[in-house]
Amino acid sequence: TQKIHRHLEHVTNVETDQIAAAMQRLHEVQVKAEEDRKRADRLQEEGKEQQAVILEMSERLRALEDKGSGLEQREIQGAQANSENRARLEFRVQELEAAVVAVGSRGEQVAK
């Protein structure tokens, strides 16, 4: 009976060790799963933050493009206005030069 008792005690100890090892592995797996879940949550949060930054940057870019487009349009309009004003001034200068020539010719005719 002692032999059987020792054998049962040995089997029990082996099974207890196996159960303890299995429980330890289970605990390690649970800890790893929790770490993975936290990492996934953190990555998801970072992804949301990055998406928000991308959206904000897109809105800023669109605003800058709109502003730049408006500035370009005003510059084009300003250049056209300057060109028109310059053409009017040149035409007026030509008119004045022609008038000066005409007055000079009349002055010569009067002097003769």
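Everything in this summary refers to the structure shown in the same document. (Residues numbered from 1 in each chain as written. Predicted model: local features only at pLDDT ≥ 70, side-chain atom pairs only at ≥ 80, totals over all residues. Heavy atoms only, no water.)

**Describing the overall build of the chain**
Argument step 1. In terms of helices and strands, the chain carries one helix and zero strands.
Argument step 2. Its C-alpha atoms give the chain a radius of gyration of 48 Å, more than 25% over the compact-globule value 13 Å for 112 residues.
Argument step 3. Here the C-alpha coordinates of the chain stretch approximately 160 × 15 × 10 Å along the principal axes.
Argument step 4. A burial count over the chain gives 0% of its 112 residues as buried.
Argument step 5. Here the chain displays about 10400 Å² of accessible surface, and carbon together with sulfur accounts for 57% of that area.
Argument step 6. One finds the centroid of the 18 positive side-chain charges in the chain at a distance of 1 Å from the centroid of its 22 negative side-chain charges. (Helix = DSSP H or I, 4+ residues; strand = E, 2+ residues; numbered from the N terminus. Rg over C-alpha atoms; globule rule 2.2 N^0.38 Å. Buried < 20%, exposed > 50% of the residue type's maximum accessible area, 1.4 Å probe, protein only. Areas by Shrake-Rupley, 256 points an atom, 1.4 Å probe, with all protein chains shown as cover. Lys, Arg positive; Asp, Glu negative; His and termini not counted. Charge placed at Lys NZ, Arg CZ, Asp CG, Glu CD.)

**Considerations on the environment of V101**
Argument step 1. Considering the arrangement of structural elements, one finds V101 in helix 1 (residues 2-111).
Argument step 2. Between the C-alpha atom of V101 and that of E49, which follows or precedes it by 52 residues, the distance is 77 Å.

**Some details on the pattern of salt bridges**
Argument step 1. Inspection of every chain in the model, using the stated rule, returns six salt bridges.
Argument step 2. D36 serves as the salt-bridge partner of R39, at 2.8 Å between the closest nitrogen and oxygen. Here D36 and R39 lie together in helix 1, a separation of three residues that amounts to about one turn.
Argument step 3. R92 is the partner of E95 in a salt bridge, and the nearest nitrogen-oxygen pair spans 3.2 Å. With E95 and R92 both in helix 1, this residue pair falls three residues apart, about one helical turn.
Argument step 4. The class of E95 is partly exposed, set by a relative accessible area of 34%.
Argument step 5. A relative accessible area of 46% places R92 in the partly exposed class.
Argument step 6. Connected through salt bridges with shared partners, the residues K32, D36 and R39 form a single ionic network. (Salt bridge = Lys/Arg side-chain N within 4 Å of Asp/Glu carboxyl O.)

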